[in-house]
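Descriptive analysis of the structure
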Amino acid sequence: MAERSMLITDKVLAKLPYASSGQYKVNDTELKGFVVVVGKRTKTFAAQGAFWRDGLREFAARKKIGEAGEMTSRDARSKAKDILAKIARGERPDDDRSVKRGAISLRTAWERYRDGHMTRKSRSAGTIENYRDHMERLFIDWLDKPLARLGRQPNLVAERHEKITREHGGYIANGAMRSMRAVYNHACKTNLDLPKVNPVTAVDWNAERRRDTGMGAGPLAGWFIELAKLDNAVRREFHLLTLLSGSRPTALKSVRIEHIDLRRRLIRVPKPKGGEERAFDIPLSRPMIRCVIRAIRVGRVAYPDQSAFWLFPADSNSGHLAEHKEDRRDLSKWGNELRQTYRTLAQAAGISQLDIHLLMNHSLPGVNAGYITRDGLLGGHLRKQQARISQVILDAAGNAADTTWLRRSRPEDAIPPEALKAAA
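With that settled, consider helix H11 (residues 286–302). End to end, H11 covers 24 Å across 17 residues, agreeing with the expected 24 Å (1.5 Å per residue, within 8%). Among the residues of H11, Pro287, Met288, Ile289, Cys291, Val292, Ile293, Arg294, Ala295, Ile296, Val298 and Gly299 are the ones counted as buried.

Next up on the list: the pairing of strand E1 (residues 2–6). Summarising burial for E1: 0 of the 5 residues are buried, a small minority. Bridge count for E1 against strand E2 (residues 24–28) is 5 bridges, and the pairing is parallel. The residue bridging serine 5 from the neighbouring strand is asparagine 27, located in E2.

Before going further, it helps to spend a moment on the packing of helix H6 (residues 154–168) against helix H7 (residues 170–188). At a minimum axis distance of 7 Å, the contact between H6 and H7 shows a crossing angle of 145°. Judged by the sense of rotation from one axis to the other, the crossing of H6 with H7 is right-handed. Residue-level contacts link Val157, Arg160, His161, Ile164, Thr165 and His168 of H6 to Gly170, Ile172, Ala173, Asn174, Ala176 and Met177 of H7.

Let's shift gears to the confidence of the model for the chain. For the chain, the average pLDDT comes to 84, and 84% of its residues sit at 70 or higher. Scored below 50 in pLDDT, residues 410–424 makes 22 contacts in the model with residues more than four places away or belonging to other chains.

Let us now look at the pattern of salt bridges. Scanning the model with the defined rule gives 18 salt bridges in all. Two residues, lysine 163 and glutamate 167, come together in a salt bridge whose shortest N-O distance is 3.2 Å. Of this pair, lysine 163 and glutamate 167 both sit in helix H6, 4 residues apart, which is roughly one turn of that helix. For lysine 163, a relative accessible area of 34% puts it in the partly exposed group. Note that glutamate 326 is salt-bridged to arginine 235, the shortest N-O span being 2.8 Å. Of the two residues, glutamate 326 sits in the loop between H11 and helix H12 (336–348) while arginine 235 sits in helix H9 (residues 233–245), which places them 91 residues apart along the sequence. Taking the relative accessible area as the measure of exposure, glutamate 326 reaches 16% and is therefore buried. Of the residues examined, arginine 235 reaches a relative accessible area of 17% and is grouped as buried. Salt bridges sharing partners connect three or more residues here, namely Asp28, Glu30 and Arg77.

Turning next to the nonpolar core. Formed by 54 residues in total, the largest nonpolar core has its most connected members in Leu220, Trp223, Phe224, Leu241 and Leu311. Top element by residues in this core is H11. It accounts for 8 residues. If sequence neighbours within four positions are ignored, leucine 311 has contacts with Leu241, Val255, Ile257, Ile260, Val292, Ala295 and Ile296. Core analysis: the second largest hydrophobic core is formed by 31 residues, Leu106, Ala109, Leu147 and Met180 among them.

Okay, the sheet that holds strand E6 (residues 260–261) next. An order of E6-E7-E8 is seen for the 3 strands of this open sheet, with the pairing classed as antiparallel. The strands lining the two open edges of the sheet, one partner per strand, are E6 and strand E8 (280–283). Summarising the sheet, E6 and strand E7 (residues 266–269) pair through 2 bridges and their orientation is antiparallel. Among the inter-strand pairings, isoleucine 260 is bridged to a residue of E7, identified as isoleucine 267.

Here we take up the environment of valine 298. Relative to the assigned elements, valine 298 resides in helix H11. Looking at valine 298, the relative accessible area reads 18%, which means it is buried. Distance in space between the C-alpha atoms of valine 298 and phenylalanine 312 is 9.4 Å, their sequence separation being 14 residues. Excluding its chain neighbours within four sequence positions, the residues that come into contact with valine 298 are Ala233 and Val234.

A ring pair, where both rings are aromatic, is described by two values, the distance of the centres and the angle of the planes. In total, this model carries 5 aromatic pairs according to the counting rule given. Taking 5.8 Å as the distance between ring centres and 35° as the angle between the ring planes, the aromatic pair formed by tyrosine 113 and tyrosine 131 counts as tilted. With tyrosine 113 in helix H3 (residues 106–119) and tyrosine 131 in helix H4 (residues 125–138), this pair connects stretches of sequence that are 18 residues apart. For the pair shown, tyrosine 113 and tyrosine 131 are each scored as buried. Ring centres of tryptophan 223 and phenylalanine 224 lie 5.1 Å apart, and the angle between their planes is 80°; on these two criteria the pair is classed as edge-to-face. Residue classification places tryptophan 223 among the buried residues on the basis of a relative accessible area of 1%. Classification of phenylalanine 224 by relative accessible area gives buried; the value is 0%. The residue whose ring lies beneath arginine 4 is tyrosine 24, and the NZ or CZ to ring-centre distance is 4.4 Å. Between the NZ or CZ atom of arginine 160 and the centre of the ring of tryptophan 142, over which it lies, the distance is 4.2 Å.

So, how was this worked out
Residues numbered from 1 in each chain as written. Predicted model: local features only at pLDDT ≥ 70, side-chain atom pairs only at ≥ 80, totals over all residues. Heavy atoms only, no water. Helix = DSSP H or I, 4+ residues; strand = E, 2+ residues; numbered from the N terminus. Expected span 1.5 Å × (residues − 1). Buried < 20%, exposed > 50% of the residue type's maximum accessible area, 1.4 Å probe, protein only. Pairing = 2+ DSSP bridges. Axes fitted to C-alpha atoms, helices over the stretch in contact; angles between N-to-C directions. Left-handed = near helix turned anticlockwise from the far one by under 90°. Contact = heavy atoms within 4.5 Å. pLDDT = per-residue confidence, 0-100. Salt bridge = Lys/Arg side-chain N within 4 Å of Asp/Glu carboxyl O. Core = buried A, V, L, I, M, F, W, Y, C linked by side-chain atoms within 4.5 Å. Phe/Tyr/Trp six-rings, centres within 6.5 Å; stacked < 30°, edge-to-face > 60°. Lys NZ or Arg CZ within 6 Å of the ring centre and 35° of its normal.

Structure representation (structure tokens):
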């Protein structure tokens, strides 16, 4: 569209020729954004402008005011001023929504996601803490800034990902960006002024590989000798049960005494990863029962108050084992490395993929697997499979003198006789 510039008055408009084809635009030299669009038969007043924020144009808009001849240029100029003022405030013509300065901050978006989504859906305390660490440590300087700023400048998010990668590593950087993506998507549902494209899409993700740190049968004999030398017997039994159950260490650390049912040979995990709806029971093999009995016995001696509530008591604020990491010189494998070892040895024991999924509380693959009732397999089939895995683990431990404690327990002072009879 051809353009001209002049002071728009009624006299000037009367002399302006109609367009021979198409349209042309006349810009007012006194009020920027006040224009007349001249066509073949009409001359139309309009106001056009753009809203800018943080150096970026957020939107541009043009609003028709009226036809020359039906209103004066003076009246049209007055209305143009009102329209241009609204655009400057972030209000779109003919739209009740407005882009407000000081809109939702990252801090508010995070708190709403935490309270309105994660807590309401019973996400685990560990998951919430992981998000909190990302938002309140790695993005601390952004917390009180408008979230829309990141939506308009995704380059800031990409640069922060690179910075976190350099300072903390690729896995943490990727994890932090997944947290940011979730918080932003949640905020978009109730904040229509946010740019709809998540700024995390600008991130060039770091390559991630599943950590291959589990053990096969070969190294287990040496690992058991290391385990036997740990001074803290409660920690020793914790690491052993982690290996024998293949459970996530976070879930085992918070096992309460009332979660243990020796008569049915089960441990209940009420809040695993994924929340309460993923609650499940761990079937106990005989070696696992002996481990549990030893843990209760030594816990009552070492931590008499805390052991009334927790399977793995400790002198911590929570009353139970809080940190499961060990010096690698003392114990070469712990935590999720033992979960990987369990998975590896379960395969070696000939356990089916589906049974391993059930024992480790993984989501079941495929539509048909969704028809399986886990509780129907728990008391018989899954316990037998658990026993096979435990046997492979103990066979791999060998007959080293330092591992004779694995074969015995002295439960008389710790467990009621009727429970012991059920566990025998």
